[in-house]
Amino acid sequence: MRRTLVIAKPDAVERRLVGEIVRRLEQKGLRLVAAELRMIGAETAAAHYAEHEGKAFYSDLISFITRSPSFVMVVEGPEDTWKIVRAMMGPTDPAEAPPGTIRGDFGTEMTENLVHGSDGAEAATREISLFFPGL
Ligand code: ATP
Ligand code: MG
């Protein structure tokens, strides 16, 4: 699987960091295959984050991801591109994300952690078809 889904989340759009995030992905050598600024609705958010339903942070997560537009992208590179993107994002908690990663350089909060990247080949396939059916 050479493609992965990347979302510049509402905080990234609000903070005008979309260009910076796209620049980093492109500079790394990855290519945009599809991209759109869009509101993620409640239904899509629930499908996207189904694995977290029932967890303590779930309602905060859904409120956050649906509060304003996200920049949703499909990014392509070599086999397992999802791994490259995850490394560039840094760990979920920005407090643990090293400098040089997107979360490490721009984030301080667990919820407002700027980016989403698929966490495996199966997730990438599922998420790309959720956000860009027919791609
Ligand atoms: P994402 O799926 O958004 O790329 P991730 O794969 O690094 O992030 P997940 O475990 O899938 O992390 O969690 C999804 C999102 O839920 C995280 O980005 C974060 O905003 C939030 N989250 C995860 N764990 C916690 C937690 N313990 N407390 C608060 N929020 C959390
Ligand atoms: Mg995840």
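The rules behind each value
Residues numbered from 1 in each chain as written. Chains lettered and ligands numbered in written order. Predicted model: local features only at pLDDT ≥ 70, side-chain atom pairs only at ≥ 80, totals over all residues. Heavy atoms only, no water. Helix = DSSP H or I, 4+ residues; strand = E, 2+ residues; numbered from the N terminus. Rg over C-alpha atoms; globule rule 2.2 N^0.38 Å. Salt bridge = Lys/Arg side-chain N within 4 Å of Asp/Glu carboxyl O. Buried < 20%, exposed > 50% of the residue type's maximum accessible area, 1.4 Å probe, protein only. Arc of directions from axis to C-beta. Contact = heavy atoms within 4.5 Å. Pairing = 2+ DSSP bridges. Axes fitted to C-alpha atoms, helices over the stretch in contact; angles between N-to-C directions.

J.: Provide a residue-level description of the overall build of the protein, including the pertinent values.
T.: Scanning the protein for helices and strands turns up seven helices and four strands. Starting at the N terminus and walking to the C terminus, you meet the elements of the protein as β-α-α-β-α-α-β-α-α-β-α. Taken over C-alpha atoms, the radius of gyration comes to 14 Å for the protein, in line with the 14 Å a tight globule of 135 residues would show. For the protein, the spread of C-alpha atoms along the three principal axes comes to 35 × 35 × 25 Å.

J.: Break down the pattern of salt bridges for me, with residues and values.
T.: For the structure shown, the criterion picks out nine salt bridges. Arginine 24 serves as the salt-bridge partner of aspartate 105, at 2.9 Å between the closest nitrogen and oxygen. Here the residue aspartate 105 occupies a position in helix H6 (residues 102-106), and arginine 24 occupies one in helix H2 (residues 18-28), the gap between them amounting to 81 residues. Among the residues examined, arginine 24 registers a relative accessible area of 16% and is labelled buried. Several salt bridges share partner residues, and in doing so they unite Glu20, Arg23, Arg24 and Asp105 into one network.

J.: Please provide a residue-by-residue account of helix H5 (residues 81-89), values included.
T.: Of all the residues in H5, the buried ones are Thr81, Trp82, Val85, Met88 and Met89. Seen from one end, H5 has its buried residues packed into an arc of 125°, which puts them on one side. Here the buried face of H5 lies against strand E1 (3-8), H2, strand E3 (70-76), H6, strand E4 (115-117) and helix H7 (121-131). At the exit of H5 stands glycine 90, carrying a positive phi of roughly 90°.

J.: Now, about the sheet that holds E4: what can you tell me, with residues and values included?
T.: If you trace the four strands from one edge of the open sheet to the other, you get E2-E3-E1-E4, paired in antiparallel fashion. With partners counted over all chains shown, the strands left at the sheet margins are strand E2 (31-38) and E4, one partner each. When strand polarity is set aside, the average angle formed by the axes of neighbouring strands in this sheet is 15°. Of the pairings in the sheet, the one linking E2 to E3 comprises seven bridges and is antiparallel in character. Among the inter-strand pairings, leucine 32 is bridged to a residue of E3, identified as valine 75.

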